[in-house]
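Listed below are the residues making up each chain.
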Amino acid sequence: MKQNILKWKAVCLPLCVVALVITLVTWASSSPIKNSPKAPVTIEGNPFQNTVKQVDQFFEDQWSESNISASKSTDDLNQIRRLSLALHGTVPSLEEIREFEQMEGNDRLERWTQKLLADRRFADYFSERLARAFVGVDQGQFIIFRRDRFKAWLSEQIEANTPYDELAKTLISGEGLWTGDPETNYITAASADGNLDRNKLTGNTVRAFLGQRIDCAQCHDHPFDHWKQSDFEGLTAFYGQVEVQLFGVRQNEDLKYEVEDRETLEKRVVSPQVPFLDECLPQEGTLREKLAAWVTHPQNRRFERASANRIWGLLFGVPYINPVDDLPAPTDLSEFPPDVLDILGKDFRENGYDIKRMIQIIVASKPFRLSSQSKSPVSEEEVERLNDSWALFPLVRLRPEQIIGSMLQASSLKTIDQNSNLFMRGRRFFSEINFINEYGDLGSDELNDFPGTIPQALLRMNGEFAQDNGTASPLNSVGRIAGLDFSDEKRIETCFLVCLTRPPTSSEKDYFLKQYQATQNQNERVKVTEDLFWSLYNSPEFSWNH
């Protein structure tokens, strides 16, 4: 009897292990979400068309006054490449390109934008971009700062399209534990060595939500602006009663904000005060609730202008006013006409601080749809003048996460998203981390201009990731395209669409067609496809937004 049981165990155990492995592989290979967002068939009305017209008119007047001829509109495929890079951090997949090509109607770009905004990848990608502005990229003190929780919470707010003013209020005035109430990580991000740096909190708040750099006023009056040291101290006093305890971020009304006088070295209590718009400061609430209400008050135009400038920067790659967090004071609209930030900010305020709506307005405006090429050859000085006037779409180097996102997506004919299997999503997650570590992270100043380096170019050309993706296999796009039974013209066109989101020019097609025609067997044809992919990966066109 005992021997029979042992025999059964010997037979059943391997079968159970095999069954378990099959189950795990099937689970990991399955799509976690069955229904991906579809592009809407039609858009009922066009609720933001009036604002788009105002933005367009602003630039047309500017171009007319400066005697500037704006470039012509770019084609739709280039538009969807820009949209994917801005909203998802990657180039569109061949699957997405084919879906877009099937769409009809003059409003298909607007409907495509809505589809991308409804995709979970948008919330995840934008949450990282905004997290950099709110808490930076440092991991901080793990015990009291959980950047991963903060980013996940931010992604949920963006997915739900939480009004941006409500988001700002929650961050500034939140209370609770950094794990259960992730918004409080905005506060604990300013902790170091067990101490809460309230000056850092003030600097972050003013930069992120009012688009001003007043950090230097912490020690002295601003040398070039009207900000005084007393302004900085008064704003910091609103954070004077917040403390980080064992049970989380709490408000302690017994605390008073004190600073040391540099001359007498004596402590003095600083009362909370705002540098302007005193009338917007509410009477009720905690100090941080009052500060949050003042920052987001509808009369505080710095909030809406800073928001518009940041969103503009994330879509174009460069902000309308650079640096993104150092805007000039708003002009008096009774004396000066509104600029584009005023137009966008007004719409933002009057329509519930809707981030997705602002994005749809900006990408529907003329500057976003212009080509990066001038209508005719011009001098470098003229190119600079056209760029300054937004009469050309700016040529912007892709950020590291966009480079790796695009290389990953180009390695697959199917869309890599939340519907991808666990293997693919895991590969993307770890590849992105490794690549950015080697390529270099731009940190919280990612909208500033940055130069490309030789080591970065070499990493794209010879890095392990580039070699893996450029070598044909049954699982990547190189191997699948090389093995498909269609003409070489179609093969070349598919490679260009996958990498550059455009078909090849006649000269490009002729050049690579000769390469294929010179091959003797399938192995040589695969090698030509690998070379073609490597060339496209490393072309300037691949690594720039245009």
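Looking up the protein chain in an unreviewed UniProt entry gives the name DUF1549 domain-containing protein, with the organism given as Gimesia aquarii.

K.L.:
Help me out: how do you make sense of the environment of N309 in this one?
P.N.:
Along the polypeptide, N309 turns up in helix 13 (residues 301–316). In sequence terms N309 and P319 are 10 residues apart; their C-alpha atoms lie 5.6 Å from each other. With residues near it in sequence (within four places) discarded, N309 still touches P319, Y320, I321, P323, V324, L327 and L341.

K.L.:
How should the packing of helix 18 (residues 400–410) against helix 19 (residues 422–439) be read in this particular structure?
P.N.:
The angle between the axes and the distance between the axes are what describe a pair of packed helices. Axis separation between helix 18 and helix 19 bottoms out at 9 Å; the angle between their running directions is 135 degrees. Compared by their axis directions, helix 18 and helix 19 come out oblique. As for how helix 18 packs across helix 19, the hand of that crossing is right-handed. Residues P400, E401, I403, I404, G405, M407 and L408 of helix 18 touch helix 19, and the partners they reach there are R427, R428, S431, E432, F435, I436 and Y439. Taken together, the residues that form the contact of helix 18 with helix 19 break down as 8 nonpolar, 2 polar and 4 charged.

K.L.:
Help me understand the domain arrangement of the protein chain in this model?
P.N.:
Accessible area lost when the parts come together is the quantity often used to give the size of an interface. With domains assigned, the protein chain is organised as domain 1 (121–296), domain 2 (301–389) and domain 3 (431–545). If you average the C-alpha positions of domain 2 and of domain 3, the two centres end up 33 Å apart.

K.L.:
Sorry if this is basic, but what is going on with the layout of surface pockets here?
P.N.:
Over the atoms, a rolling probe the size of a water molecule traces out where space has been left empty. The computed volume of the largest pocket comes to approximately 1100 Å³. Considering the residues around the largest pocket, the lining is formed by 28 residues, among which D124, E128, K151, F429 and E432 are closest to the centre. Of all elements in the fold, only helix 6 (120–135), helix 7 (147–159) and helix 19 reach the threshold of two or more residues within the lining of the largest pocket. Here the lining of the largest pocket is composed, by residue class, of 7 nonpolar, 6 polar and 15 charged. Here the lining of the largest pocket spans two domains, and each of domain 1 (121–296) and domain 3 (431–545) adds at least three residues to it.

K.L.:
For this particular structure, what's the right way to read the pattern of salt bridges?
P.N.:
Close approach of charged atoms allows side chains of opposite charge to pair. Following the criterion strictly, the structure yields 36 salt bridges and no others. We note a salt bridge from E446 to R399, for which the minimum N-O separation is 3.7 Å. In this pair, E446 sits in the loop between helix 19 and helix 20 (454–462) while R399 sits in the loop between strand 7 (396–397) and helix 18, placing the two residues 47 residues apart along the sequence. R399 matches E446 in its accessibility class, with the two residues each being buried. Across the pair D531 and K527 runs a salt bridge, and its minimum N-O distance is 2.9 Å. Of this pair, D531 and K527 both sit in helix 25 (residues 522–537), separated by 4 residues, roughly a single helical turn. With relative accessibility at 38%, the residue D531 sits in the partly exposed group. Counted as one network, the salt bridges with shared partners bring together E128, R129, R132, R147, R399, E401 and E446.

Reading the values: the criteria
Residues numbered from 1 in each chain as written. Predicted model: local features only at pLDDT ≥ 70, side-chain atom pairs only at ≥ 80, totals over all residues. Heavy atoms only, no water. Helix = DSSP H or I, 4+ residues; strand = E, 2+ residues; numbered from the N terminus. Contact = heavy atoms within 4.5 Å. Axes fitted to C-alpha atoms, helices over the stretch in contact; angles between N-to-C directions. Parallel < 35°, antiparallel > 145°, perpendicular 65-115°, else oblique. Left-handed = near helix turned anticlockwise from the far one by under 90°. Nonpolar A, V, L, I, M, F, W, Y, C, P; charged D, E, K, R; others polar. Domains from an automatic or database assignment. 1 Å grid on protein atoms, 1.4 Å probe; cavity = no way out; pocket = protein on both sides within 12 Å on 5 of 7 lines; lining within 4 Å. Points joined across faces, edges and corners; volume = space filled by probe spheres on them. Salt bridge = Lys/Arg side-chain N within 4 Å of Asp/Glu carboxyl O. Buried < 20%, exposed > 50% of the residue type's maximum accessible area, 1.4 Å probe, protein only.

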